[in-house]
2 protein chains.
Amino acid sequence: MSYQAPLRDMRFVLHELFDVSGHCQLLGNGLDRELIDGVLEEAASFTANEIAPLNRNSDEEGCRLENGQVSTPRGFRAAYRQYVDNGWASMTGPLEFAGQGFPQLVACAFHEMLMSASLSFRVYSGLTEGAVLALHKHGSAELKNTYLAPMVSGQWTGTMCLTEPQAGTDLALLRTRAEPKADGSYRVSGSKIFISGGEQDLSENIIHLVLARLPDAPAGVKGISLFLVPKFIATAEGGLGERNALSCGAIEHKMGIKGGSTCVMNFDGATGWLLGEANQGLACMFTMMNDARFQVGLQGLGIGEAAFQGALRYARERLQSRGLNGAQAPDKPADPIIVHPDVRRMLLTQKTLVEGCRMLAAYTARQLDLEHGHPDAAARKAAGKRAALLIPIVKAFFTDMGQEVASHGVQVYGGHGFIREWGMEQLMRDSRITQLYEGTNGIQALDYLRRKLLGDGGAELSALIGEFSEVADRAAQRPQLAALAQVVQARLGEWRELTAEVIAHSQRDVQEIGAQSVDFLQYSAYVLLAGFWLQAAVTAQNALEQGAGEVDFYQAKLASTEFYVRRLLPRASSHREALLGGAACLMALPAEHFAF
Amino acid sequence: MSYQAPLRDMRFVLHELFDVSGHCQLLGNGLDRELIDGVLEEAASFTANEIAPLNRNSDEEGCRLENGQVSTPRGFRAAYRQYVDNGWASMTGPLEFAGQGFPQLVACAFHEMLMSASLSFRVYSGLTEGAVLALHKHGSAELKNTYLAPMVSGQWTGTMCLTEPQAGTDLALLRTRAEPKADGSYRVSGSKIFISGGEQDLSENIIHLVLARLPDAPAGVKGISLFLVPKFIATAEGGLGERNALSCGAIEHKMGIKGGSTCVMNFDGATGWLLGEANQGLACMFTMMNDARFQVGLQGLGIGEAAFQGALRYARERLQSRGLNGAQAPDKPADPIIVHPDVRRMLLTQKTLVEGCRMLAAYTARQLDLEHGHPDAAARKAAGKRAALLIPIVKAFFTDMGQEVASHGVQVYGGHGFIREWGMEQLMRDSRITQLYEGTNGIQALDYLRRKLLGDGGAELSALIGEFSEVADRAAQRPQLAALAQVVQARLGEWRELTAEVIAHSQRDVQEIGAQSVDFLQYSAYVLLAGFWLQAAVTAQNALEQGAGEVDFYQAKLASTEFYVRRLLPRASSHREALLGGAACLMALPAEHFAF
């Protein structure tokens with residue numbers, strides 16, 4: 001399937017909504033508008049011409065495991081070489097290790113493009129950036145000097161090794177062990193499953209970050225430590241040394257992302273080094289978890305964009321039936337199906353969910369940048385809290401959204417949507433994993449409600465709602481936007497009240513936390529997106545009033561806001577009512593009475 | 001994946017809700033409770049032991065086309081032979097052609113089991129029953145005498161050949177031609193796509209029902225006729241005669257139902273016979289379309305049941321994390337995940353959607369039976385109207401439900417849900433076609449709103465609402481059910497008001513028909529299911545008060561009603577608000593401004 005990055009919308013979000021140039025100035029890097037636009041154009045060309053064309057075949061061909069070696073699909077090796085050689089791998093890497101230090105606010109646009117072009121290809125590079133973060137923060141100087149530069153360049157890749165057969169969500173159950181050796185290193189033994197890119201033929205070396213237990217570790221999650229375990233142990237000169245005692249035991253047969261290897265990794269007394277403090281592994285891993293979850297959110301966004309593009313192309317070309325109000329293309333045997341209201345409903349649902357999530361992604365990326373790079377410590381802390389609140393929403397809502405939007409894409413194609421060669425069903429299959437990995441979406445919702453909301457009594461969320469309440473106030477002053485602003489403002493007030501109720505219920509009955517979490521996350525996301533759409537409408541209205549060109553573009557923003565508020569924001573109502581339905585009706589039925 | 005028919009719930013629906021024995025008496029066939037239960041137990045055994053075990057492999061192996069011959073997956077031939085030999089194929093066939101004349105109210109339970117066990121296997125037999133209906137109603141005595149008996153027995157199968165590359169939803173565009181020959185037969189020429197079971201190695205002969213145009217036919221749908229075009233022309237003695245000039249040109253590579261062949265069928269001057277009147281083909285085809293759409297609805301239901309069973313099994317066995325209120329299985333390393341409220345939310349969503357749809361399926365089957373077999377003509381007509389109103393809801397809502405429930409199944413399994421060997425992802429892939437074929441779900445919604453609702457000004461729907469309003473009145477008199485009855489009664493009133501609004505909007509602006517249709521169908525289905533759940537609760541409450549055994553079973557019905565009304569019925573709110581959002585925001589954006 002062909003793919004073209006939505007550059008105009010990305011520029012709208014980066015420049016017009018979030019002033020990325022000013023953002024870069026604040027962060028003290030020298031990126032200006034011209035340079036950023038140049039990078040985005042190069043990125044668009046790279047993803048359209050080098051990556052997207054590989055995607056369909058990678059699904060048919062899949063990966064092969066022979067004698068412990070994984071072969072990736074045709075074209076992936078050459079594309080990965082370009083990815084490294086052209087500097088795409090090092091985009092966000094730290095400057096002192098030859099990275100380019102791009103802020104997430106720019107990088108997220110490129111990463112979205114990668115996801116749209118091929119989720120399978122992104123499997124191999126996606127976790128390296130997070131591993132770089134964890135190593136950079138927790139590694140010894142020696143480890144950093146040895147391993148970081150080739151990981152930043154993409155010459156070497158990184159993985160996250162958490163899951164074991166008996167330990168998925170519940171890492172307390174993990175059994176992999178690490179025994180100290182005399183030289184300060186460790187012997188790591190155990191079996192990990194679901195390791196994305198655990199073995200492949202793209203990079204010279206693979207650096208595994210592995211959670212394991214020390215011999216004297218306490219039980220549960222407080223006894224888990226993080227280890228760096230390379231496939232090849234680096235020599236002092238940074239070359240490839242001894243092959244470590246680890247191997248790929250199997251690759252999984254999956255629903256989708258078939259071009260990305262998902263490996264069983266066996267560590268048989270492999271040499272590893274402790275990252276961070278002993279028994280602090282989970283906290284160390286969370287350094288990369290936020291990044292990984294943000295990236296998975298971008299996967300949902302990228303799949304959504306690809307599905308929208310495919311559906312829109314088909315809806316404009318496919319001729320079938322006449323418009324309800326008569327022929328729209330009387331010179332043709334039938335009208336293009338984009339004339340039908342229900343096809344438009346699906347397309348606009350796709351468009352406004354994708355573009356809405358793109359705004360929220362950029363907003364979150366900006367917070368991640370400020371958390372790490374704002375000159376002021378208090379501002380760094382504030383941005384960190386905001387990012388932490390939003391990450392579970394981005395991960396869960398974007399990936400649910402991606403699945404829904406991909407499914408609309410299939411539906412717009414009719415029966416052809418079910419046929420492999422059209423590429424639409426692959427998007428559904430590929431995206432389905434995103435709701436599961438890096439913490440299922442149910443776990444994201446628990447994180448949002450329990451840690452992020454109850455953790456500070458709702459203070460951070462209240463501030464976020466306040467921010468958008470100001471947006472709605474500004475919008476209310478524009479006659480063209482006043483009606484929409486009123487609807488959104490009412491929802492923001494409802495959100496505030498609902499938050500108080502959710503907290504009260506959770507304090508009264510601990511089961512309410514899990515009973516409300518998913519619906520509350522969904523509710524929050526729908527209202528939040530309405531806030532972003534209103535902000536987009538204000539920006540578009542300003543541009544129109546200031547006589548900017550591209551009138552069609554800005555009017556499309558206004559029409560999209562209208563659609564989102566009138567036809568999608570109502571979904572918040574059901575989530576609100578459902579969660580107010582309470583925990584009792586969930587907990588009443590004994591487990592043995594579910595089936596008869 | 002193992003599968004066990006939900007016999008207890010089926011008996012609840014058939015006997016306790018719909019008095020199937022009385023129904024059979026009214027229809028004048030000799031089926032009693034004992035016989036029906038015996039058939040259901042045999043059916044459960046057949047589907048569990050002979051069909052379900054083939055399903056996983058059929059997905060991996062798929063179908064092969066070589067030299068025009070399609071090979072079905074391993075085991076399908078033997079299973080199909082049993083299906084015919086044991087009389088499952090002839091269950092609903094007309095008595096005068098050696099069918100067993102079972103009512104749909106009984107058959108729908110068996111057909112649901114078939115769908116749960118293997119959607120791919122059902123591809124081959126699913127349309128034969130509809131073809132029998134069409135031939136029985138529209139065929140000449142000679143055609144019926146020649147072709148019906150072996151089709152009823154399942155020795156020969158039937159297909160529906162409608163779609164062409166340029167003509168899917170819009171049959172006005174179809175080009176296949178039929179030229180009259182001197183002997184009263186026709187030469188049929190053209191290419192049809194997406195023909196389920198168009199070619200296979202299971203049955204001796206395949207009888208294609210083909211839509212085509214006569215040479216002098218008017219343009220559009222008024223110039224379409226229906227033809228019977230057999231693979232082998234039957235001899236006068238009912239044997240296999242000349243091989244007809246038709247062939248399978250290709251089989252599709254699909255997202256799912258890979259064990260079912262989906263064929264491109266080329267008719268190269270094949271001999272065919274007219275069914276019914278010239279240019280009345282669409283009306284004739286609709287004889288089988290209602291049955292086909294009902295069967296597709298059952299596919300959604302069957303997939304849902306299979307996904308629920310898989311998820312429930314896993315949720316009871318998988319140990320992960322502790323309950324929010326502390327350890328529930330302190331002797332184990334962690335609690336079974338069914339203790340977690342959010343897992344219960346997914347399981348109960350599956351359970352109550354599936355069981356709710358099972359009640360609606362039986363209700364609709366009963367109407368179909370009465371339409372054909374009630375002794376009183378007025379009652380036949382009334383039942384026909386009721387069935388016509390419900391068929392699009394059954395087809396669209398059940399298949400959307402099946403997809404959702406399959407997706408919950410994947411989610412309950414976590415990462416394992418994405419792995420093929422567990423079988424959950426296959427259910428998602430298999431079920432995705434059901435939202436597309438036999439008229440996309442968008443087309444079902446248009447049919448519901450335009451033909452069924454506007455067609456009689458809402459009279460039939462009003463009668464349906466009234467029926468459930470009486471159920472709610474009865475429930476309101478039971479102290480234990482009064483609160484739930486009030487909620488449902490309020491929704492029924494809201495449904496009535498909304499119907500009036502929908503009709504008014506549609507009369508004001510024709511675009512509102514397509515702008516409201518999907519949300520109105522979904523709204524209707526959620527409220528309707530609440531009515532059925534309330535009815536189930538009344539029945540369960542009666543049983544408990546009358547001291548019936550199986551207290552757990554009946555209490556589970558009460559708990560399920562509570563869950564459905566509190567946590568799923570709220571979805572109706574969003575659909576209502578969304579459709580009231582109107583058509584204007586769908587139609588405003590010019591087609592060329594959707595993407596930038």
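On a predicted model such as this, the values are computed, not experimentally measured, just so you know.

## Comments concerning the domain arrangement of chain A
Residue and element names in this part refer to chain A. Looking at the assigned domains, one finds that chain A contains domain 1 (7-129) and domain 2 (139-280). In this structure, domain 1 and domain 2 have C-alpha centres spaced 24 Å apart. The partner domain 2 presents 30 residues to the 29 residues of domain 1 that form the contact. Between domain 1 and domain 2, roughly 2,500 Å² of surface is buried when both sides are summed, and carbon and sulfur atoms account for 67% of that area. When the buried area of domain 1 at its contact with domain 2 is split by residue, Phe97, Tyr124 and Leu127 rank highest and sum to 26% of it. Where domain 1 touches domain 2, the interface holds zero salt bridges. Those elements giving two or more residues to the side of domain 1 that touches domain 2 turn out to be helix 3 (33-61), strand 1 (64-66), strand 2 (69-71), helix 4 (76-85) and helix 6 (119-125). Counted by class, the side of domain 1 that touches domain 2 contains 15 nonpolar, eleven polar and three charged residues.

## Some thoughts on the UniProt feature "domain: Acyl-CoA dehydrogenase/oxidase N-terminal" (unreviewed entry) in chain A
Here, the residues flagged by UniProt with the feature "domain: Acyl-CoA dehydrogenase/oxidase N-terminal" (unreviewed entry) are residues 40-155 of chain A. A helix fraction of 66% and a strand fraction of 5% characterise residues 40-155 of chain A, whose end C-alpha atoms lie 23 Å from each other.

## Thoughts on the relation of the copies chain B and chain A
When chain B is fitted to chain A, the best match, at an RMSD of 0.0 Å, comes from turning it 180° and sliding it 0.0 Å along the axis. Both copies of the chain, as the preceding transformation shows, are related through a two-fold rotation axis. In terms of proximity to the rotation axis, the leading residue of chain B is Ser574(B), whose C-alpha is 2.7 Å off the axis.

## Quick look at the environment of Lys385(B)
Residues and elements named next belong to chain B. When you line up the elements, Lys385 lands in helix 11 (residues 377-412). Here Lys385 falls in the partly exposed class, since its relative accessible area comes to 40%. A sequence separation of 334 residues divides Lys385 from Ile51, and the C-alpha atoms of the two residues are 35 Å apart.

## As for the pairing of strand 5 (residues 186-196) of chain A
All names here are of chain A. Bridging between strand 4 (residues 177-180) and strand 5 involves four bridges; their strand directions are antiparallel. If you follow Ala178 over to strand 5, its bridge partner there is Val188. Once strand 4 ends, the chain turns through five residues before running back antiparallel as strand 5, passing Gly184 with a positive phi of about 90°. Bridge count for strand 5 against strand 11 (residues 262-275) is nine bridges, and the pairing is antiparallel. Within strand 11, the position partnered with Ile195 by the bridge is Cys263.

## Observations concerning the interface of chain B and chain A
Across the boundary between the two partners, chain B contributes 98 residues, which contact 97 residues of chain A. Across the chain B to chain A interface the summed buried area is about 8,300 Å²; carbon plus sulfur atoms make up 61%. Looking only at chain B, the three residues that lose the most surface to chain A are Phe418(B), Arg567(B) and Phe594(B), adding up to 11% of its buried area. In this assembly, chain B and chain A are joined by four salt bridges. We note a salt bridge from Arg491(A) to Glu577(B), for which the minimum N-O separation is 3.1 Å. For the pair chain B and chain A, the number of links is 55 residue pairs in polar contact (both at pLDDT 80 or more). Here the residues of the side of chain B that touches chain A are counted per class, giving 46 nonpolar, 25 polar and 27 charged.

So, how was this worked out
- Residues numbered from 1 in each chain as written.
- Chains lettered and ligands numbered in written order.
- Predicted model: local features only at pLDDT ≥ 70, side-chain atom pairs only at ≥ 80, totals over all residues.
- Heavy atoms only, no water.
- Domains from an automatic or database assignment.
- Contact = heavy atoms within 4.5 Å.
- Buried area = accessible area lost by both parts, 1.4 Å probe.
- Salt bridge = Lys/Arg side-chain N within 4 Å of Asp/Glu carboxyl O.
- Helix = DSSP H or I, 4+ residues; strand = E, 2+ residues; numbered from the N terminus.
- Nonpolar A, V, L, I, M, F, W, Y, C, P; charged D, E, K, R; others polar.
- UniProt positions renumbered as here; feature names shortened; annotations may be inferred.
- Least-squares fit on C-alpha atoms with pLDDT ≥ 70 in both.
- Buried < 20%, exposed > 50% of the residue type's maximum accessible area, 1.4 Å probe, protein only.
- Pairing = 2+ DSSP bridges.
- Polar contact = N/O pair within 3.5 Å; in protein donor to acceptor, adjacent residues only side chain to side chain.

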